[in-house]
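Letter by letter, the chains look like this.
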Amino acid sequence: MWRLVFLLGTHMQATAQSTPGDVPIGWSTDYVRSLTQKRVLLWGADQAAAIVDAQAAYKRCARLLLVCSSHDAMEDVIAQVTSEEPIAGVCPPLSAPVAIGAAGTVSNASFVLELTGRYQEIGGAPDIVWNYV
Ligand SMILES: *[C@@H]1O[C@H](CO)[C@@H](O)[C@H](O)[C@H]1NC(C)=O
């Protein structure tokens with residue numbers, strides 16, 4: 001799993017130049033569309049590029065678990081991400097985007113174990129992991 005996270009992290013650096021509200025650079029239309037109701041785990045969610053990507057995914061009605069470096073950062077990130085409305089007609093009937101947070105690091109085994117216990121809050125284990133750390 002961590003090899004995947006590393007590869008995605010490398011890819012994510014290419015998206016860092018986009019501006020809030022835009023579809024991040026490097027995301028194809030098909031990829032953006034595929035994010036609807038996907039469960040996405042973000043490491044380093046308080047990084048600027050992560051917030052841009054999380055906002056774009058939230059607008060596509062994704063289900064986000066935002067791992068931040070601190071509790072204060074987490075509250076700020078959730079507020080920023082949920083300030084976006086999903087694009088009209090994107091969410092399937094009876095569904096909505098989700099954005100929940102956690103504060104910790106991948107090097108803390110207790111935290112990682114605790115985090116797996118929270119997957120149910122986004123509907124199950126993540127479909128996608130994005131790394132910005
Ligand atoms: C590691 O994570 C646990 C569970 O979240 C937390 O209680 C603990 O303070 C963390 N340790 C460090 C060094 O951050």
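For the structure, see preceding data.
What comes next is a walk through the structure.

Parameters and conventions
Residues numbered from 1 in each chain as written. Predicted model: local features only at pLDDT ≥ 70, side-chain atom pairs only at ≥ 80, totals over all residues. Helix = DSSP H or I, 4+ residues; strand = E, 2+ residues; numbered from the N terminus. Expected span 1.5 Å × (residues − 1). Contact = placed C-beta atoms within 7 Å. Pairing = 2+ DSSP bridges. Axes fitted to C-alpha atoms, helices over the stretch in contact; angles between N-to-C directions. Near = placed C-beta within 6 Å. Nonpolar A, V, L, I, M, F, W, Y, C, P; charged D, E, K, R; others polar. Buried ≥ 20, exposed ≤ 12 C-beta atoms within 10 Å, placed from the backbone. Parallel < 35°, antiparallel > 145°, perpendicular 65-115°, else oblique. Left-handed = near helix turned anticlockwise from the far one by under 90°.

### A closer look at helix α3 (residues 48–59)
Argument step 1. Taking 1.5 Å of rise per residue, the 12 residues of α3 would be expected to cover 16 Å, and the 17 Å separating its terminal C-alpha atoms lies within 8% of that figure.
Argument step 2. Contacts made by the buried residues of α3 are with β1 (39–43), β2 (63–68), α4 (71–82), β3 (98–103) and β4 (128–131).
Argument step 3. Positive phi shows up at Cys 61, right after α3, with a value of about 70°.

### A word on the sheet that holds β4
Argument step 1. Read from one edge to the other, the open sheet built from four strands follows the order β3-β2-β1-β4, with strand pairing classed as parallel. Every other strand in the sheet has two partners, leaving β3 and β4 as the edge strands with one partner each. Averaged over all adjacent pairs, the angle separating strand axes in this sheet is 20°, with direction ignored.
Argument step 2. Inspection of the sheet shows β2 paired to β3 by six bridges, in the parallel sense. Considered in β3, the bridge of Leu 64 is made with Ala 99.
Argument step 3. The sheet strands contacting α3 are β1, β2, β3 and β4, and the helix crosses β2 at an angle near 165°.
Argument step 4. Those strands touched by α4 are β2 and β3, and its axis lies near 165° from that of β3.

### Comments concerning the site of the ligand
Argument step 1. Around the ligand, the structure places Gly 104, Asn 108, Ser 110, Phe 111 and Glu 114.
Argument step 2. Of the residues that constitute the shell around the ligand, the class distribution is one nonpolar, three polar and one charged.

### Focus on the pairing of β2
It is a general feature of regular strands that their side chains alternate between the two faces of the sheet.
Argument step 1. Counting buried residues in β2 gives six out of six residues, a clear majority hidden from the surface.
Argument step 2. Neither face of β2 is open: one carries Arg 63, Leu 65 and Val 67, the other Leu 64, Leu 66 and Cys 68, and all of them are buried.
Argument step 3. By the bridge criterion, five bridges tie β1 to β2 in an arrangement that is parallel. If you follow Trp 43 over to β2, its bridge partner there is Val 67.

### Some details on the environment of Pro 126
Argument step 1. Here Pro 126 lies in the loop between α5 (109–116) and β4.
Argument step 2. Put simply, Pro 126 and Leu 41 are 85 residues apart on the chain and 5.9 Å apart in space, counted from C-alpha to C-alpha.
Argument step 3. Apart from residues no more than four positions distant in its own chain, Pro 126 is found in contact with Arg 39, Val 40, Leu 41, Leu 65 and Tyr 119.

### Quick word on the packing of α3 against α4
Argument step 1. Two elements in contact, α3 and α4, have axes whose closest approach is 9 Å; the angle formed by their N-to-C orientations is 45°. Between α3 and α4, the interaxial angle falls into the category oblique. Handedness of the α3/α4 crossing: right-handed. Contact with α3, carried on its side by Ile 51, Ala 54, Gln 55 and Tyr 58, involves Val 77, Gln 80, Val 81 and Thr 82 of α4 and no other residues of that element.
Argument step 2. Of the residues in the contact of α3 with α4, the class split is five nonpolar, three polar and no charged.

Keep in mind these numbers describe shape, not what the thing actually does.
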